[in-house]
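Coordinate inspection notes
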Amino acid sequence: MSYSTGALENSPEPLVFDVVVVGAGFAGLYMLHKLRELGFTVRVLEAASGVGGTWFHNRYPGARCDIESLDYSYSFSEELQQEWSWSERYASQPEILRYIDHVAERFDLLRDVQLNTVVANAEFEEHTARWSVTTEEGERYSARFCIMATGVLSAAQVPRLAGLEEYTGRWYHTGAWPHERPDFTGMRVGVIGTGSSGTQLIPLVAQQAKELVVFQRTANYCMPAQNRPLDANLEGEWKTHYPERRAFARASSFGHNQVSNDKKGTEVSPLERREELERRWDLGGLYMMRAFKDIMTNADVNREAIEFVHEKIDGIVNDPQTAEALKPKDLFIGTKRLCSGTDYYETFNRQNVRLVDVKSDPIKRVTPTGLQTEGETFALDAIIFATGFDAMTGSLLRINPTGRGGVKLSERWADGPRSYLGLSISGFPNMFVIAGAGSPSVFSNMVTSIEQHVEWIATCLLHLERNGAACIEATPEAEEGWVQHVNELADKTLYRHSKNTWFYGANTPGKPVVFMPYVGGVGRYSQNISSIAAKNYEGFSIQERVDSSL
Ligand code: FAD
Ligand code: N01
C-alpha cells in the first residue's frame, strides 16, 4: 500500500481543490469516493499515519464492534459487500481495519489521502467564498467546500491527574493505543474507566496481568456480547438479501437489522416481559435497548430491565460486595451508552482482580510508582486510561474553524453545539459536518448514518455546481428550529434524567451540559433531510456565484 506524505508537497502557495475533507475514517473515505465519482477534485487530510479513524486509533485488547459486522459495513458497492467475508458476528478492531484498508485500496482512494497531516486551522474567506485550511506543518489548502469528517469519538481524553508526568511506569489511553501491542504479563495494572472500552479490555488484561485493579467511578450496564464465529449459512442468507437488508437498516430507527420489539412493556404481562428480557440477554449486546418500544421512555419498564440485569450480576459475581458495587445506581439502563462485553462480570471472580470504587474513595493523584486515592495507595507498573473522549464536538473544536465575520466555532458554540440537521452550522457557509451533533450519529449504526450524510452532501454539492451557486449556509432560524426539535425529542425520553454522560458532554470539564445527538431515529431523520433537499434545500440560504473565478 502506498501513501502520499504531507512534507513532500509543502508549498508557500495554497494547494487548490474543490473540496478538502478532514479525516480518513469511514466518513472521510466514502466522502472522497463519492465526490471523486462526481468529478470534484478532493484532498483528504488525516492526522494519523494510516486510514481507518476509530479503528486505526483504538487498538486496545478486546476492541470490537457491537453492531453485527454484516450491518456495520459499507453498502454503497454491491461487489464490495459480496466479496468481503467477516469471520465473526461482531468484528474485531484488526478485522475492521483490514476491511477499511481493503476498501481504500479497492477504490484507489489513497492517492488523494494525505496522512500524518494535522489540520490546525480552517477559515472561511468571505471575499473569495473559499475555505483556507492550514496544517500544523504550515501547508495551506484552498477549497470551495470544507467537509469535517473528524469523528465524534476521536478526541481521546486523559484526565488531568496530578503527578502523571512523574509516573515511572507505562501509561496508555484506549483511544491512542500503541501499534506494538503492550504485554502486561506479570505486571500490576490499573484500569481507570468502566465504559464500553474499559469493559471490553478488562477481561483480557486480567488474563495477562499479575494483578489488575479496576478503578470505577460510575458503574455501567454491560451486556454479554454473545459474539461467535459468523455462521456461513447466515452470511449466505444476508448476501442473497443484502439490498433488502440495507434498505431495512436505512428506514429503521437505529440503522441496522437488529430486531426491535414493537410491543410496549406496558402492554404485556410480567411473565412476557421477563421472557423478553431473557431473550434479549441471550441475543446479546445492544439488543436489550430494543426489548420494548417504551424501554427508553417509560421509567417503570426501564426499571424492570434494571432489576433483571442486577439479578444477572448477582448470579455471576461471587462476592456480594463486589456485585453490589458493579450494579449501576440511579441510572436508567441505556441512558449511558450500553456496554457490550465478553466475561466482564465473570472477570471480577478472578483472584487477581480487584474493583475499587473511586466515587466513594476518589483518585487523589498519580505517584511515581502508582496511584493514590484518598484512602489507599496502589503500586502499579502500568495504568490504562479507558476514560473516553471529548465526544461529538471535541475534534471539531480542536480545529476551531472560523466562519463569517471572523467568528470562531468555539464562540458560536459557547453554550453548546448548535447545528441544522447535524450537518451544517449557520455562519459557516460551505462547511459540512458528517454525523455531527444534532444528527442520529452515535444513536445508530454509524456506517449507515455516515453513508446517509455523505450521499446527501454529495447531492447537495452537485446541485450547487449545476445551479452556479457559490455558497450554501444554514439560516439561523432553521438552525434554531432544529435545535429545539432535537431537544424536544430528547425531553420525551429517559435520557433527560441521566445528564452525567458524554451524550450531554458532562464527561469533559468545562463543557456546556447540552444533549447532543438526535433521538428521532435514522429513518425519520432520513425522511427529514430528503424532503429538505427536495424543497430546494429548505432552511438553507443559497447564494449565486458573482465571480467566475470562484
Ligand atoms: P473517525 O473514525 O473517528 O475518523 C475521524 C478521523 O479524523 C480520524 O482518523 C482522526 O485522526 C481524523 N482527524 C480528527 N481531527 C483531525 C485533524 N485536526 N486533522 C486531521 N485529521 C483529523 N459505532 C458504531 O456504529 N458501532 C460500533 O460498534 C462502534 N464501535 C466503536 C468502538 C470504539 C472503540 C469507538 C471509539 C467508537 C465506536 N463507534 C461505533 C463509533 C465510531 O467512531 C464510528 O462507527 C465510525 O468509525 C466513525 O467514523 P468517522 O469516519 O466518522 O470518524
Ligand atoms: O468512554 P466512556 P469509552 N476518574 O466515556 C471513567 C464507543 N465505544 O471509551 O462514568 C475516574 O464511555 C468514566 O466514569 P464516569 C461507545 O459509543 C464503543 O469507554 O464519567 N474515572 C467512565 O467509566 C462509547 O460510549 C465500543 O463516572 C473516570 C469511563 O472512564 C464511547 O465509544 C467500545 C475519569 C469512560 O467511559 C466511549 O467509550 C468502545 C476520572 N477522572 C467505545 N474520567 C463498542 O463496544 C473518566 N472516567 C462498540
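No experiment lies behind these values; they were computed from the predicted model shown.

Calculation criteria
- Residues numbered from 1 in each chain as written.
- Chains lettered and ligands numbered in written order.
- Predicted model: local features only at pLDDT ≥ 70, side-chain atom pairs only at ≥ 80, totals over all residues.
- Heavy atoms only, no water.
- Near = heavy atom within 4 Å.
- Polar contact = N/O pair within 3.5 Å; in protein donor to acceptor, adjacent residues only side chain to side chain.
- Areas by Shrake-Rupley, 256 points an atom, 1.4 Å probe, with all protein chains shown as cover.
- Helix = DSSP H or I, 4+ residues; strand = E, 2+ residues; numbered from the N terminus.
- Nonpolar A, V, L, I, M, F, W, Y, C, P; charged D, E, K, R; others polar.
- Core = buried A, V, L, I, M, F, W, Y, C linked by side-chain atoms within 4.5 Å.
- Buried < 20%, exposed > 50% of the residue type's maximum accessible area, 1.4 Å probe, protein only.
- Domains from an automatic or database assignment.
- Contact = heavy atoms within 4.5 Å.
- Buried area = accessible area lost by both parts, 1.4 Å probe.

This part is about the site of ligand 1. Around ligand 1, the structure places 33 residues, and the nearest of them are Glu-46, Thr-54, Asp-66, Tyr-72 and Met-446. In the environment of ligand 1, a nitrogen atom lies 3.0 Å from a nitrogen or oxygen atom belonging to the backbone of Ala-47. In this structure, Trp-55 approaches ligand 1 through a side-chain N or O atom, which is 3.4 Å from an oxygen atom. Bound to the protein, ligand 1 loses 93% of the 980 Å² it would expose on its own. Mapped onto the shell around ligand 1, the elements with two or more residues apiece are α1 (26-37), α2 (54-57) and α14 (446-466). Sorting elements by how many residues they give to the shell around ligand 1 places α2 first, with three residues. Class assignment of the residues belonging to the shell around ligand 1 gives a composition of 19 nonpolar, twelve polar and two charged.

So, on to the nonpolar core. In terms of nonpolar packing, the biggest core is built from 135 residues, with Phe-26, Ile-147, Ile-434 and Trp-456 touching the most fellow members. The element that contributes the greatest number of residues to this core is α14, accounting for eleven residues. Two domains each donate at least three residues to this core, and these are domain 1 (15-155 + 391-544) and domain 2 (164-385). In contact with Ile-147, other than residues within four places in its own chain, are Val-19, Val-20, Val-21, Val-22, Met-31, Leu-35, Phe-432, Ile-434, Ile-457 and Leu-461. Counting residues in each nonpolar core, the second largest holds 23 residues, with Val-20, Ala-143, Met-148 and Val-433 among its members.

As assigned here, the protein comprises domain 1 (15-155 + 391-544) and domain 2 (164-385). Placing the centre of domain 1 and that of domain 2 at their C-alpha centroids yields a distance of 27 Å. Facing 52 residues of domain 1, the contacting portion of domain 2 comprises 54 residues. With both sides pooled, the region where domain 1 packs onto domain 2 buries about 4,300 Å², and carbon together with sulfur makes up 49% of that total.

A few words on the site of ligand 2. Inspection of the region around ligand 2 gives 21 residues, with Ser-197, Gln-200, Arg-217, Thr-218 and Lys-336 positioned closest. Separating an oxygen atom of ligand 2 from a side-chain N or O atom of Arg-217 is a distance of 2.9 Å. For ligand 2, the protein covers 88% of the area, taking 900 Å² as the surface of the free molecule. Per-element tally for the shell around ligand 2: the top contributor is helix α5 (residues 196-208), with three residues. Residues belonging to the shell around ligand 2 are distributed by class as follows: seven nonpolar, nine polar and five charged. Shared between two domains, the shell around ligand 2 takes at least three residues from each, and those domains are domain 1 (15-155 + 391-544) and domain 2 (164-385).

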